[in-house]
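Inside the fold
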Amino acid sequence: MPDVEEFDEFYRGSRQRLLGFVYALTGNLSEAQDAVQEAYIRAWQRWPTVGGYDDPEAWTRVVASRIAVSRWRSLRSRARAYLRHGPTDPVPPPSTDTVAVVTALRQLPEEQRVALALYYLLGMPVAEVARETAAPVGTVKARLHRGRSALADLLAVSDLEEVADA
C-alpha cells in the first residue's frame with residue numbers, strides 16, 4: 001500500500017509547478033489540468049516505485065508532458081481527418097414515434113426493457129437473451145410478452161406487430 005501522507009505531501013508541494021509547466025506547453029488550462037491529473041493518478045498507482053526516485057516530480061512532469069503531447073497529436077490527427085473527409089452528415093432528430101417508444105420503454109421495469117431491447121433492437125434469439133440476462137428461457141418469454149403488452153397499452157396500439165416494428 002502506497003504511503004498516503006508521503007504522496008499527499010508530494011502532490012501539495014508540486015501540483016502548482018507541474019500545472020504551470022503543462023499549461024505553458026498546451027496553452028489550454030483544462031487540457032493542462034486533465035494531463036496533470038492523469039499524471040498524478042499514474043504516479044499514485046506506482047508510488048512505491050516513483051516515491052523512491054531521486055526526483056518523483058521529474059517523473060510526473062515527463063508523464064504529464066507526454067500525456068499532453070499525445071492528446072495534442074490525437075487532436076491534430078482528428079483535425080486532419082476532418083479536413084480530408086469533411087464534416088459528417090448531420091444526424092436527423094429522432095422521429096416522434098421513436099420518442100414515444102423510448103418514453104414508453106422508460107416506464108417498463110428494467111427486466112422487461114432489457115429483454116425487449118436485446119430481442120428487438122439487437123435481434124438476439126430468446127435463448128441468447130436468456131444467457132445474457134442469466135434468466136431462464138421461460139422467464140425471458142414472459143418478460144417479452146409482458147413488455148409488449150405494456151408497450152401496447154402505453155402507446156395505445158391495438159396491433160402488437162406495430163410495437164415489434166418500432
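So, here is what we can say about the structure in this document. What you see is a predicted model, and the numbers here were worked out from it, not measured in a lab.

1. Observations regarding a positive patch on the surface
- A cluster of basic residues, Arg73, Arg76, Arg80 and Arg84, forms a positive patch on the protein surface.
- Relative accessible area serves as the criterion here: at 46%, Arg80 is assigned to the partly exposed category.

2. A look at the nonpolar core
- In this structure, Phe7, Leu18, Val22, Val36, Tyr40 and Ala64 are the most contacted members of the largest nonpolar core, which totals 17 residues.
- Of all elements in the fold, only helix H1 (4–26), helix H2 (29–45), helix H3 (47–50) and helix H4 (56–85) reach the threshold of two or more residues within this core.
- Here this core gets six residues from one element, more than from any other, and that element is H2.
- Beyond its immediate sequence surroundings of up to four residues, Tyr40 is in contact with Phe7, Phe10, Tyr11, Ser14, Arg15, Leu18 and Thr60.
- The next biggest cluster of nonpolar side chains, apart from the first, holds 15 residues, and it includes Met124, Val126, Val129 and Ala135.

3. Examining the layout of surface pockets
- In this structure, the second largest pocket spans a volume of roughly 170 Å³.
- Taken together, Leu25, Thr26, Asn28, Glu31, Ser65, Ala68, Val69, Arg71, Trp72 and Leu75 form the lining of the second largest pocket.
- Every element with two or more residues in the lining of the second largest pocket is listed here: H1 and H4.
- Sort the elements by how many residues they give to the lining of the second largest pocket and H4 lands first, with six residues.
- Along the lines of polarity and charge, the residues of the lining of the second largest pocket split into five nonpolar, three polar and two charged.

4. Some points on the pattern of salt bridges
- Tallied over the entire structure, the rule returns four salt bridges.
- In this structure, the salt-bridge partner of Glu57 is Arg17, at a minimum N-O distance of 2.7 Å. Pair noted here: Glu57 is in helix H4 and Arg17 is in helix H1, with a separation of 40 residues, a long-range link.
- Between Arg61 and Glu57 there is a salt bridge, with the nearest N and O atoms lying 3.8 Å from each other. Note that Arg61 and Glu57 are positioned in helix H4 at a spacing of four residues, about one turn of the helix.
- Arg61 gets classed as partly exposed once you look at its relative accessible area, which sits at 27%.
- Taking relative accessible area as the criterion, Glu57 reaches 13% and is therefore assigned buried.

Rules used throughout
Residues numbered from 1 in each chain as written. Predicted model: local features only at pLDDT ≥ 70, side-chain atom pairs only at ≥ 80, totals over all residues. Heavy atoms only, no water. Patch = residues over 30% accessible without salt bridge, like charges linked within 9 Å, V, L, I, M, F, W, Y side chains within 5 Å. Areas by Shrake-Rupley, 256 points an atom, 1.4 Å probe, with all protein chains shown as cover. Salt bridge = Lys/Arg side-chain N within 4 Å of Asp/Glu carboxyl O. Lys, Arg positive; Asp, Glu negative; His and termini not counted. Charge placed at Lys NZ, Arg CZ, Asp CG, Glu CD. Buried < 20%, exposed > 50% of the residue type's maximum accessible area, 1.4 Å probe, protein only. Core = buried A, V, L, I, M, F, W, Y, C linked by side-chain atoms within 4.5 Å. Helix = DSSP H or I, 4+ residues; strand = E, 2+ residues; numbered from the N terminus. Contact = heavy atoms within 4.5 Å. 1 Å grid on protein atoms, 1.4 Å probe; cavity = no way out; pocket = protein on both sides within 12 Å on 5 of 7 lines; lining within 4 Å. Points joined across faces, edges and corners; volume = space filled by probe spheres on them. Nonpolar A, V, L, I, M, F, W, Y, C, P; charged D, E, K, R; others polar.

In short, the description is geometric, and any link to function would need to be established separately.
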